[in-house]
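So you can see what is in the structure, the chains are spelled out below.
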Amino acid sequence: MISASRPERRLPSARKPGSLPAQDEAALWDMEERFWTGGVDSARRMSAKGAVFVFPYPAGILQGDALWRERDVAQRWRSVVMSERYLTGTGDVAVLAYRVSAERSGDPICEALCTSTYLRDDTSWVRLTHQQTPAH
């Protein structure tokens, strides 16, 4: 008996023309890099009220004011390299996924797989979620 195959469901891909305008893609990647290298005030301005971030143990899941007290959010990285970049989006929602190598004084280099979700709020993008998984 031969079974009929079901068509594969795919998310819109950033590599496919028309998913998000090129200026939005560029702005989102720029914001993501500034999240790592800018100050805590910059990160706060770029994040939605009630945003949820997930960091490796011991930080864990953070929301609200706890975000801005957490060392991994509050302390900036002096250099960051994002590779294996993927972006998918449609309308007012965009998801970025990438591998990061980040460095700051006194800490080992951070190697992680990350995702961030953004929502277009009127004319600007704000981050709703951010997640990091160690990539060792």
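In this report, the structure presented in the accompanying data block is examined. (Residues numbered from 1 in each chain as written. Predicted model: local features only at pLDDT ≥ 70, side-chain atom pairs only at ≥ 80, totals over all residues. Heavy atoms only, no water.)

### Digging into the pairing of strand β4 (residues 93-103)
Rule in force here: Three labels apply to residues, based on accessible area from a 1.4 Å probe with only protein chains included: buried if under 20% of the type maximum, exposed if over 50%, partly exposed otherwise in between. Labels follow the DSSP assignment, with helices taken as runs of H or I lasting at least four residues and strands as runs of E lasting at least two, numbered in each case from the N terminus. The pairing criterion is simple: DSSP has to find at least two bridges between the two strands.
Only one face of β4 is buried, namely the one carrying A94, L96, Y98, V100 and A102, since none of V93, V95, A97, R99, S101 and E103 on the opposite face is buried. Pairing between strand β3 (residues 79-90) and β4: ten bridges, direction antiparallel. Residue pairing across strands places L87 opposite L96, the latter belonging to β4. The hairpin formed by β3 and β4 contains two residues between the paired strands, and G91 there has a positive phi angle of roughly 60°. Strand direction decides the pairing type here: β4 and strand β5 (residues 110-121), joined by ten bridges, are antiparallel. By the bridge assignment, V93 is partnered in β5 with L119. In textbook terms, the turn of a hairpin is the stretch between consecutive antiparallel strands, and for β4 and β5 this stretch comprises six residues, one of which, G106, has a positive phi near 85°.

### Side note on the sheet that holds strand β2 (residues 60-63)
Put simply, the rule is: For helices, the axis comes from a line fit to the C-alpha atoms of the stretch in contact; other axes are also lines fit to C-alpha atoms, and the angle between any two N-to-C directions lies between 0 and 180 degrees.
The strand order β2-β1-β6-β5-β4-β3 describes an open sheet built from six strands, whose pairing is mixed. Both outer strands of the open sheet, β2 and β3, are each paired with one neighbouring strand and no more. If you compare each strand with its neighbour and ignore which way they point, the axes differ by 15° on average. Sheet topology places strand β1 (residues 47-55) next to strand β6 (residues 124-134); four bridges connect them, and they run parallel. From the neighbouring strand, V52 faces β6, where its bridge partner is T129.

### A closer look at the side chain of E32
Test applied: Two N or O atoms count as a polar contact when they lie within 3.5 Å, although within protein this holds only if one can serve as hydrogen donor and the other as acceptor, and sequence-adjacent residues are included solely when both atoms are side-chain atoms. The contact definition used throughout considers only heavy atoms, calling two residues in contact when any of these lie within 4.5 Å.
Looking at the element boundaries, E32 is found in helix α1 (residues 22-37). By relative accessible area, E32 is classed as buried at 0%. Among the polar contacts made by the side chain of E32, one reaches the side chain of Y98 at a distance of 2.5 Å. Dropping the residues within four chain positions of it, E32 is found in contact with M82, L96, Y98, S116, Y118, R127 and H130.

### Re the pairing of β6
The pairing of β5 with β6 spans ten bridges and is antiparallel. Within β6, the position partnered with R120 by the bridge is W125. Between β5 and β6, which pair antiparallel in sequence order, lie two residues; one of them, D122, sits at a positive phi of approximately 60°.

### Quick notes on α1
What counts is decided by this rule: Multiplying one less than the number of residues by 1.5 Å gives the expected span of a helix. An arc is given here, and it is the one of the directions from the helix axis to the C-beta atoms.
Spanning 16 residues, α1 covers 23 Å between terminal C-alpha atoms, matching the ideal 22 Å at 1.5 Å per step. Considered for burial, the residues of α1 that qualify are D24, L28, W29, M31, E32, F35 and W36. Seen end-on, α1 carries its buried residues on one side only, within an arc spanning 155°. Across α1 from its buried face, at more than 90 degrees, point the exposed residues A22 and Q23.

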